[in-house]
Amino acid sequence: MSLHELVEPYEFLIGTWQGQGRGHYPTIESFEYTETITFSAVPGKPFLRYAQKTTNPDGAPMHTEVGYFRPRESGHIEFVLAQPMGQSELLEGTATVNDDGSLTIVLGYSEIHNSTTAKLVEQTARHYVFTPDRTAVHHEFDMAAVGEQMQNHLVADLHKI
Ligand code: HEM
């Protein structure tokens, strides 16, 4: 069975992406990390499975998250994520092909649910720019958390391996 028609334009995502990132926030020490992301298809289904893991410069595990990437009609994108720190994150936004052939995905609407013991995350946003050949991506993650206003937590550059 082939890819669902809504997933077809995002076939380039399927596989493994890896690269380096750095993180910061007013309340914590800045840090660097290596990130690995995999997207996989379920034949005929209108979503991609997503799994992310990160390690620190010594190779020790850091953040990890899993979810579903749900491309809809007319460039509308939904991204449903489970966070091991106790949040579920529902993001929505748009995918746009730019004049130079690069692809921007902006997920600017978020709905976050926090478990009773989680550090409070109130809002998140994710911004991805894929190169025209779709082999590399620049990613930025912003959040309003632990009483701070919406601002950047992560910046990363990954490439398809
Ligand atoms: C704090 C790394 C993604 C929310 C931290 C800290 C590190 C870190 C090292 C400081 C120490 C700690 O509390 O563990 C990362 C990495 C990520 C990532 C490597 C992915 C590449 C996220 C995401 C969210 C998030 C997706 C929200 C959905 C937070 C919060 C804090 C935090 C709320 C606590 C800040 C505080 O205690 O003042 N992160 N993070 N992080 N991160 Fe992240």
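Things to note about a negative patch on the surface
Side chains of E5, E8, E11 and E73 sit close together on the surface and give a patch of like negative charge. Within the secondary structure layout, E8 lies in the segment before β1 (15-25). E8 sits in the partly exposed class, given a relative accessible area of 45%.

Thoughts on the pairing of strand β6 (residues 87-97)
Sheet analysis places strand β5 (residues 76-82) next to β6, joined by seven bridges and oriented antiparallel. Opposite E78, over in β6, you have E92 as the bridge partner. In sequence, β5 turns back onto β6 through a hairpin of four residues, with G86 there showing a positive phi of about 105 degrees. Sheet topology places β6 next to strand β7 (residues 103-114); 10 bridges connect them, and they run antiparallel. Paired with S88 across the two strands is H113, which belongs to β7. The hairpin formed by β6 and β7 contains five residues between the paired strands, and G101 there has a positive phi angle of roughly 90 degrees.

Description of the environment of G15
Structurally, the position occupied by G15 is in strand β1. Classification of G15 as partly exposed rests on a relative accessible area of 24%. Distance in space between the C-alpha atoms of G15 and T124 is 25 Å, their sequence separation being 109 residues. Discounting chain neighbours no more than four positions away, the residues touching G15 are I37, T38, F39 and K160.

Notes on the site of the ligand
The environment of the ligand is made up of 21 residues, and the closest members are T27, F31, H63, K119 and H153. Contacts to the ligand include T27, whose side-chain N or O atom sits 2.5 Å from an oxygen atom. Within the side chain of K119, one N or O atom sits 2.5 Å away from an oxygen atom of the ligand. Taken together, the elements giving at least two residues each to the shell around the ligand come down to β2 (28-41), β3 (48-55), β4 (61-71), β8 (121-130), β9 (136-145) and β10 (151-160). For the shell around the ligand, the class distribution of residues is 11 nonpolar, six polar and four charged.

Comments concerning the pattern of salt bridges
Applying the stated criterion to the full structure yields three salt bridges. Salt-bridge contacts for E65 lead to R126; the nearest nitrogen and oxygen are separated by 2.8 Å. Taken together, the residues E65 in strand β4 and R126 in strand β8 connect sequence positions 61 residues apart. Side by side, E65 and R126 carry an identical accessibility label, which is buried. Residues participating in the shared-partner salt-bridge network are E65, E89 and R126.

Looking at the coordination of the iron atom of the ligand
You will see that the iron atom of the ligand has only one donor from the protein, H153 (NE2), lying 2.3 Å away. Looking at where H153 falls in the secondary structure, it is placed in strand β10.

A few points about the packing of aromatic side chains
Counting across every chain of the model gives 11 aromatic pairs. Judged by centre distance (5.4 Å) and plane angle (50 degrees), the ring pair of F39 and Y50 falls under tilted. Of this pair, F39 sits in strand β2 while Y50 sits in strand β3; the two residues are 11 residues apart in sequence, bridging distant segments of the chain. Judged on exposure class, the residue F39 and its partner Y50 are both buried. Considering the side-chain rings of F69 and F79, the 5.7 Å spacing of their centres and the 85 degrees angle between planes classify their relative orientation as edge-to-face. Placement of the pair is F69 in strand β4 and F79 in strand β5, with a sequence separation of 10 residues. We note that F69, like F79, is buried.

Thresholds applied
Residues numbered from 1 in each chain as written. Predicted model: local features only at pLDDT ≥ 70, side-chain atom pairs only at ≥ 80, totals over all residues. Heavy atoms only, no water. Patch = residues over 30% accessible without salt bridge, like charges linked within 9 Å, V, L, I, M, F, W, Y side chains within 5 Å. Areas by Shrake-Rupley, 256 points an atom, 1.4 Å probe, with all protein chains shown as cover. Salt bridge = Lys/Arg side-chain N within 4 Å of Asp/Glu carboxyl O. Lys, Arg positive; Asp, Glu negative; His and termini not counted. Charge placed at Lys NZ, Arg CZ, Asp CG, Glu CD. Helix = DSSP H or I, 4+ residues; strand = E, 2+ residues; numbered from the N terminus. Buried < 20%, exposed > 50% of the residue type's maximum accessible area, 1.4 Å probe, protein only. Pairing = 2+ DSSP bridges. Contact = heavy atoms within 4.5 Å. Near = heavy atom within 4 Å. Polar contact = N/O pair within 3.5 Å; in protein donor to acceptor, adjacent residues only side chain to side chain. Nonpolar A, V, L, I, M, F, W, Y, C, P; charged D, E, K, R; others polar. Donors = N, O, S within 2.8 Å, 3.2 Å for Na, K, Ca; no water. Phe/Tyr/Trp six-rings, centres within 6.5 Å; stacked < 30°, edge-to-face > 60°.

Honestly, it's all geometry; don't read function into it.
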